Amino acid sequence: MATGHGARSRSGGRPTLEEVAARAGVGRGTVSRVINGSPRVSDATRAAVEAAVAELGYVPNTAARALAANRTDAIALVVPEPETRFFAEPYFSDMLKGVGAELSDTEMQLLLIFAGSDRERRRLAQYLAAHRVDGVLLVSVHADDPLPDLLAQLEIPAVISGPRSAGETLTSVDSDNYGGGRSAVEHLLSRDRRRIAHITGRLDVYGAQRRVEGYRDALRDAGHEVDESLIEPGDFTEEGGRRAMTRLLARCPDLDAVFAGSDVMAAGARQVLREEGRRIPDDVALIGYDDSAIARHMDPPLTSVRQPIEEMGRRMIDLLLEEIADRRPAVSRGLERRQVVLATELVERTSS
């Protein structure tokens with residue numbers, strides 16, 4: 001509880017992080033950085049926050065937990081995928097880069113935990129139940145994944161990279177997958193392509209579903225029928241891109257463009273197109289997604305939808321540190337869930 005010496009909280013109870021931020025005239029993230037000891041705050045801002053803390057008598061729960069020796073100063077980055085996929089896809093390394101950069105000036109340690117198998121998930125559940133970390137970042141979560149609900153049940157602060165659905169209850173950070181899908185198709189239509197195929201990501205991933213919706217709406221809004229035979233499920237892997245491209249060519253040999261749901265799948269599709277004697281972009285235009293190093297080094301260089309993956313990692317850490325500073329997930333505090341959506345951008349190269 002707050003001491004009687006500080007200003008009384010508007011809510012009449014223990015002062016909150018939001019009230020400290022309002023008193024200091026800064027954002028919640030800035031307050032959490034001061035509380036977590038980040039040097040990335042100016043002296044003037046730090047003084048303003050510390051003054052607001054003193055005036056309000058704010059005692060962060062992190063301090064109480066540290067006194068009880070329950071604070072771990074560790075954050076887990078949990079990837080519910082096989083390790084092979086993590087190391088094969090640039091998305092994960094870029095996400096890790098953003099997370100690491102934002103954590104580098106705090107006292108927090110980062111633990112990388114894979115949970116791709118049932119055995120790994122059971123072990124992770126036991127680890128989390130013991131409260132050995134202060135918070136969790138969840139990356140690449142599928143619709144039926146039980147981990148987010150477990151975190152909510154354990155009241156462990158957590159931020160997810162991309163919601164599981166439109167009704168996501170956890171704080172999330174994502175890119176505009178719908179807008180990215182639309183921009184890819186609109187670009188291909190502007191190049192007079194009319195038989196545009198789409199190799200989707202795993203459709204139990206909400207972001208992949210949103211890219212398909214963007215693909216469909218761009219075609220409809222341009223007055224074109226959506227031909228379901230031109231949509232082929234993939235799985236974000238190179239081999240998945242190969243398989244999908246093989247099926248599409250067998251089913252729709254007259255296709256003149258392909259929008260792949262990741263650069264990795266576009267690389268697989270490109271191999272098949274070359275093997276079948278299709279020239280890129282003369283015969284078939286090709287677009288990927290992520291704007292990874294793969295896109296820049298492909299021959300020809302790949303047009304791709306850039307999503308700010310490193311920035312997503314940084315924003316996830318900022319939001320998680322806020323929740324750790326308050327010690328409880330946003331949903332437990334009765335706050336509206338926060339879903340941050342960052343803009344995407346089509347990067348044009350010679351493949352389209």
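Residues numbered from 1 in each chain as written. Predicted model: local features only at pLDDT ≥ 70, side-chain atom pairs only at ≥ 80, totals over all residues. Heavy atoms only, no water.

- The name given to the chain in an unreviewed UniProt entry is LacI family transcriptional regulator, with Streptomyces cylindrosporus as the source organism.

**Description of the overall build of the chain**
Then comes step 1: In terms of regular secondary structure, the chain is built from 14 helices and twelve strands.
Then comes step 2: For the chain, with 352 residues in total, the buried portion stands at 53%.
Then comes step 3: Counting contacts in the chain only where the partners sit at least 6 residues apart, residues at least 24 apart contribute 73% of the total. (Helix = DSSP H or I, 4+ residues; strand = E, 2+ residues; numbered from the N terminus. Buried < 20%, exposed > 50% of the residue type's maximum accessible area, 1.4 Å probe, protein only. Contact = heavy atoms within 4.5 Å.)

**Considerations on the pattern of salt bridges**
Then comes step 1: Tallied over the full model, the rule gives 33 salt bridges.
Then comes step 2: With a shortest N-O distance of 2.3 Å, Arg28 and Glu18 are connected by a salt bridge. A residue pair is termed long-range when its members are at least 10 positions apart, and Arg28 in helix H2 (residues 28–35) and Glu18 in helix H1 (residues 17–24) qualify at ten residues.
Then comes step 3: By relative accessible area, Arg28 is classed as buried at 16%. (Salt bridge = Lys/Arg side-chain N within 4 Å of Asp/Glu carboxyl O.)

**Some points on H2**
Then comes step 1: Counting buried positions along H2 yields seven of eight residues, so the element is predominantly enclosed.
Then comes step 2: Among the residues making up H2, those that are buried are Arg28, Gly29, Thr30, Val31, Ser32, Arg33 and Val34.
Then comes step 3: Positive backbone phi, at 80 degrees, marks Gly37, one or two positions downstream of H2.

**A closer look at the nonpolar core**
Then comes step 1: Ile199, Met245 and Leu255 are the most contacted members of the largest nonpolar core, which totals 43 residues.
Then comes step 2: Only helix H9 (177–190), strand E6 (196–200), helix H10 (206–221), helix H11 (238–251), strand E8 (257–260), helix H12 (263–275) and strand E9 (285–290) provide two or more residues apiece to this core.
Then comes step 3: Counting residues in hydrophobic clusters, the runner-up holds 25 residues, among them Phe92, Met108, Met312 and Leu320. (Core = buried A, V, L, I, M, F, W, Y, C linked by side-chain atoms within 4.5 Å.)

**Regarding the sheet that holds strand E12 (residues 345–347)**
Then comes step 1: Within the open sheet, the six strands sit side by side as E7-E6-E8-E9-E10-E12. Their pairing is mixed. Where the open sheet ends on each side, the last strands, each with one partner, are strand E7 (231–233) and E12. Each adjacent strand pair in this sheet contributes to an overall mean axis angle of 20 degrees, direction not counted.
Then comes step 2: Two elements, E6 and E7, share three bridges in a ladder whose sense is parallel. Each bridged residue has a counterpart across the sheet, and for Thr200 the counterpart in E7 is Pro233.
Then comes step 3: Here H9 sits on the sheet and contacts E6, E8, E9, strand E10 (303–306) and E12; the angle it forms with E9, its principal contact strand, is near 165 degrees. (Pairing = 2+ DSSP bridges. Axes fitted to C-alpha atoms, helices over the stretch in contact; angles between N-to-C directions.)

**Details of unusual backbone geometry**
Then comes step 1: The omega torsion across Ile280 and Pro281 is 5 degrees, close enough to zero to call that bond cis.
Then comes step 2: One can find Pro281 in the loop between H12 and E9.
Then comes step 3: Here the residue pair Asp299 and Pro300 is connected by a cis peptide bond, since its omega of -5 degrees sits within 30 degrees of zero.
Then comes step 4: Within the element layout of this structure, Pro300 appears in the loop between helix H13 (293–297) and E10.
Then comes step 5: Non-glycine residue Asp73 carries a positive phi angle of around 55 degrees.
Then comes step 6: Tracing the sequence through the fold places Asp73 in the loop between helix H4 (61–67) and strand E1 (74–79).

**With respect to the sheet that holds strand E3 (residues 135–139)**
Then comes step 1: Spatially, the six strands line up as an open sheet ordered E2-E1-E3-E4-E5-E11, and their pairing is parallel. Only two strands of the sheet have a single partner each, and these edge strands are strand E2 (109–114) and strand E11 (339–342). Sheet twist, expressed as the average angle between the axes of neighbouring strands with direction ignored, equals 20 degrees.
Then comes step 2: Here E1 runs beside E3; their pairing, made up of four bridges, is parallel. Looking at E3, one finds that Ile75 is bridged to Gly135.
Then comes step 3: Across the sheet, helix H7 (residues 118–129) is in contact with E1, E2 and E3; its angle to E2 comes to roughly 150 degrees.

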